[in-house]
Amino acid sequence: MNTELLYQPMLWGVATWRFAAALLLVFLGFAARRVIIGIFRGYLKRRADKSAAEWDDELVAHLPGPLAALGQILIWHAAAGLLLLPKEPVDFRRYVFQGLSVAIWFAVAWLLMRLVDV
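Now for a look at the structure at hand. Because the structure is a prediction, the values reported are computed rather than measured.

Examining the side chain of Gln72
Item 1. Secondary-structure assignment places Gln72 in helix H3 (residues 64-83).
Item 2. A distance of 3.4 Å separates polar atoms of two side chains, one belonging to Gln72 and the other to Arg33.
Item 3. Not counting residues up to four positions away in its chain, the partners in contact with Gln72 are Gly29, Phe30 and Arg33.

Concerning the packing of H3 against helix H4 (residues 92-117)
Item 1. Where H3 meets H4, the closest approach of the two axes is 9 Å, and the angle between their N-to-C directions is 165°. Taken together, the axes of H3 and H4 are roughly antiparallel relative to one another. In this structure, H3 meets H4 at a crossing whose hand is left-handed. Between H3 and H4, the contacting residues are Gly65, Pro66, Leu67, Ala69, Leu70, Ile73, Leu74, Trp76, His77, Ala80 and Gly81 on the first element and Arg93, Val96, Phe97, Leu100, Ala103, Ile104, Ala107, Val108, Trp110, Leu111 and Arg114 on the second.
Item 2. Looking at the contact of H3 with H4 residue by residue, the class counts come to 17 nonpolar, three polar and two charged.

Here we look at the pattern of salt bridges
Item 1. One pass over the structure, following the stated rule, counts one salt bridge.
Item 2. Of the charged contacts in the structure, one is a salt bridge between Lys45 and Asp49, with a shortest N-O distance of 3.4 Å. Of this pair, Lys45 and Asp49 are both found in helix H1 (residues 16-50), four residues apart, which corresponds to roughly one turn of the helix.
Item 3. A relative accessible area of 40% means that Lys45 is categorised as partly exposed.

Brief notes about H3
Item 1. Between its first and last C-alpha atoms H3 spans 29 Å; for 20 residues at 1.5 Å apiece the expected length is 28 Å, and the two agree.
Item 2. Trailing H3 by a residue or two, Leu84 shows a phi angle of about 55°, which is positive.

Description of the side chain of Asp56
Item 1. Its place among the elements puts Asp56 in helix H2 (residues 55-62).
Item 2. One buried charge, Asp56, has no salt-bridge partner; the nearest side chain with opposite charge is Arg47, at 8.2 Å.
Item 3. When residues no more than four places from it in sequence are discounted, the contact partners of Asp56 are Ala48 and Ser51.

Focus: the nonpolar core
Item 1. Counting seven residues, the largest nonpolar core consists of Leu70, Ile73, Ala80, Phe97, Leu100, Ile104 and Ala107.
Item 2. Among the elements that make up this core, the one with the highest residue count is H4 (four residues).
Item 3. Not counting the four nearest positions on each side in its chain, Ala80 is found in contact with Arg93, Val96, Phe97 and Leu100.
Item 4. If you look at the next biggest cluster of nonpolar residues, it comprises five residues, including Ala22, Ala79, Leu83 and Leu85.

Examining a nonpolar patch on the surface
Item 1. A grouping of Leu23, Phe27 and Phe30 is seen on the molecular surface, where their side chains present a nonpolar patch of about 320 Å² in accessible area.
Item 2. Structurally, Phe30 is set in helix H1.

Topic: the environment of Phe19
Item 1. The topology assignment puts Phe19 in helix H1.
Item 2. Separated by 63 residues in sequence, Phe19 and Leu82 have C-alpha atoms that sit 8.1 Å apart.

The rules we used
Residues numbered from 1 in each chain as written. Predicted model: local features only at pLDDT ≥ 70, side-chain atom pairs only at ≥ 80, totals over all residues. Heavy atoms only, no water. Helix = DSSP H or I, 4+ residues; strand = E, 2+ residues; numbered from the N terminus. Polar contact = N/O pair within 3.5 Å; in protein donor to acceptor, adjacent residues only side chain to side chain. Contact = heavy atoms within 4.5 Å. Axes fitted to C-alpha atoms, helices over the stretch in contact; angles between N-to-C directions. Parallel < 35°, antiparallel > 145°, perpendicular 65-115°, else oblique. Left-handed = near helix turned anticlockwise from the far one by under 90°. Nonpolar A, V, L, I, M, F, W, Y, C, P; charged D, E, K, R; others polar. Salt bridge = Lys/Arg side-chain N within 4 Å of Asp/Glu carboxyl O. Buried < 20%, exposed > 50% of the residue type's maximum accessible area, 1.4 Å probe, protein only. Expected span 1.5 Å × (residues − 1). Lys, Arg positive; Asp, Glu negative; His and termini not counted. Core = buried A, V, L, I, M, F, W, Y, C linked by side-chain atoms within 4.5 Å. Patch = residues over 30% accessible without salt bridge, like charges linked within 9 Å, V, L, I, M, F, W, Y side chains within 5 Å. Areas by Shrake-Rupley, 256 points an atom, 1.4 Å probe, with all protein chains shown as cover.

See the structure below:
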């Protein structure tokens, strides 16, 4: 039996390395959101401005928000999975993943509405 696992520092019932990694993923989610929006408003906007088609300008204008939100939520989903949230006395894990699933579906619906609008 590995005794190192028995003596891991804990924070709110979660190993501190898991907590730190999840916190890092939360901040990575915020960074990913900014990067996605930056790519759309920078590189892709310049590419779309060069083309004669108007639909690509519309896509570049309408898609960054929903795609950035979706990317951020998916990274947060990974962070929640890394935490191994407790199931006792209340099933926090279920509530967190249900909330994230609802957020993912809202982001997908937002994305689809934006695509239909284009």
